[in-house]
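The chain contents come next:
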Amino acid sequence: MGASVRQRDVYILQTGSKDVNNTIMELLIIAYACKTSSARNIIGVIPYLPYSRHSKMRKRGCIVSKLLAKMMCKAGLTHVLTIDLHSKEIQGFFDVPVDNLRASPFLLDYIRKEIPDYRNAVIVAKDPGSAKKATSFAERLHLGIAVIHGTPKDVLEPHDGESSPPLSPSASATSLANLGHSTTTGMDFFPVLTAKEKPPMSIVGDVGGRIAIIVDDIVDDVSTLTAAAELLKQRGAYKVFVMATHGILSLDAPQMIEDSEIDEVIVTNTVPHDVQKMQCHKIKTVDISVLLCEAIRRIHYNESMSFLFRDAPAD
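These numbers come from a predicted model, not from an experiment.

Below, the discussion takes up the side chain of Gln 276. Checked against the element boundaries, Gln 276 lands in helix H8 (residues 274-279). Given a relative accessible area of 14%, Gln 276 falls into the buried group.

The next point concerns the nonpolar core. Formed by 29 residues in total, the largest nonpolar core has its most connected members in Val 124, Ile 214, Val 219 and Leu 232. Counting only elements with at least two residues in this core, the list comes to strand S5 (121-125), strand S6 (144-149), strand S8 (211-215), helix H6 (223-234), strand S10 (239-244), helix H7 (253-258) and strand S12 (264-268). Examining the composition of this core, we find that 6 residues originate from one element, H6, more than from any other. Once residues within four sequence positions are removed from consideration, Leu 232 is found in contact with Val 124, Ile 203, Val 207, Ala 212, Ile 214, Ala 237 and Val 240.

With that settled, consider the packing of helix H3 (residues 104-114) against helix H4 (residues 131-141). Where H3 meets H4, the axes come as close as 11 Å, and the angle between the chain directions of the two elements is 50°. Accordingly, the angle class assigned to the pair H3 and H4 is oblique. You can see that H3 and H4 cross each other, and the crossing is right-handed. For the pair H3 and H4, contact is made by Ser 104, Leu 107, Leu 108, Ile 111 and Arg 112 and by Phe 137, Arg 140 and Leu 141, respectively. Its residues placed into classes, the contact of H3 with H4 shows 5 nonpolar, 1 polar and 2 charged.

Rules used in this analysis
- Residues numbered from 1 in each chain as written.
- Predicted model: local features only at pLDDT ≥ 70, side-chain atom pairs only at ≥ 80, totals over all residues.
- Heavy atoms only, no water.
- Helix = DSSP H or I, 4+ residues; strand = E, 2+ residues; numbered from the N terminus.
- Buried < 20%, exposed > 50% of the residue type's maximum accessible area, 1.4 Å probe, protein only.
- Core = buried A, V, L, I, M, F, W, Y, C linked by side-chain atoms within 4.5 Å.
- Contact = heavy atoms within 4.5 Å.
- Axes fitted to C-alpha atoms, helices over the stretch in contact; angles between N-to-C directions.
- Parallel < 35°, antiparallel > 145°, perpendicular 65-115°, else oblique.
- Left-handed = near helix turned anticlockwise from the far one by under 90°.
- Nonpolar A, V, L, I, M, F, W, Y, C, P; charged D, E, K, R; others polar.

Have a look at this one:
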């Protein structure tokens, strides 16, 4: 440490970036250095928490966000300040207080001020899982809601056998008989299942002659969003906006947005994306630095944080 932090309150500002693993290690090392230097409180200000999408067991993976939370607590963080966690249950992975701030009031204010005919808009959920967030936005703006269901035809998931149904009893018995084994499979009690198939992309709701505003928390791989925008334009929407808190915009996302039917992508500055903005003029930024400043001030002076949630939708 370049200066004494003994019995001081230390605020470490670090967010998830493109070089995510180095970002995490920097945060852990700085936090541990403050801990060993006898800092009184170590508050991690992490606008975008890395690996926040890995909050549940999927296929053969692991719950990375829980591992990351344990590492941060072990390194010495005594408080975590973040914005719009992908899943609110991530707060339970930490052994220290977590303040999950909301950027939605800033996005709602942008809609009211920067989209002239927003009264003729409809809030769109890009999938059924996003319907709750879209409903919160729609209720605040007194607008209708539409939900996109299904997946684009060209988006195929690798087949790993997870969704394969067990063989029917007759097929299992035939296979075992051909191998010279007993025809008893031990799986005769399983009902005969059919393979899971995702339907083609469709829209539930009316978007004809309206502005479609797709809301989400993270914009990273935009292939689904570009397909959704194309479908919305086919169904009569004359403008398509995408609003999200965290603009990761990895790989060739800026070029895909530039070539798509999306008219504008609005994200906050929780993640640096200056390079992506130079590659795509459709990307707009909403500044939420004042939210973090006020949160830090309230933590430092032991004031209530509830004021910062007064206009936030319960999404």
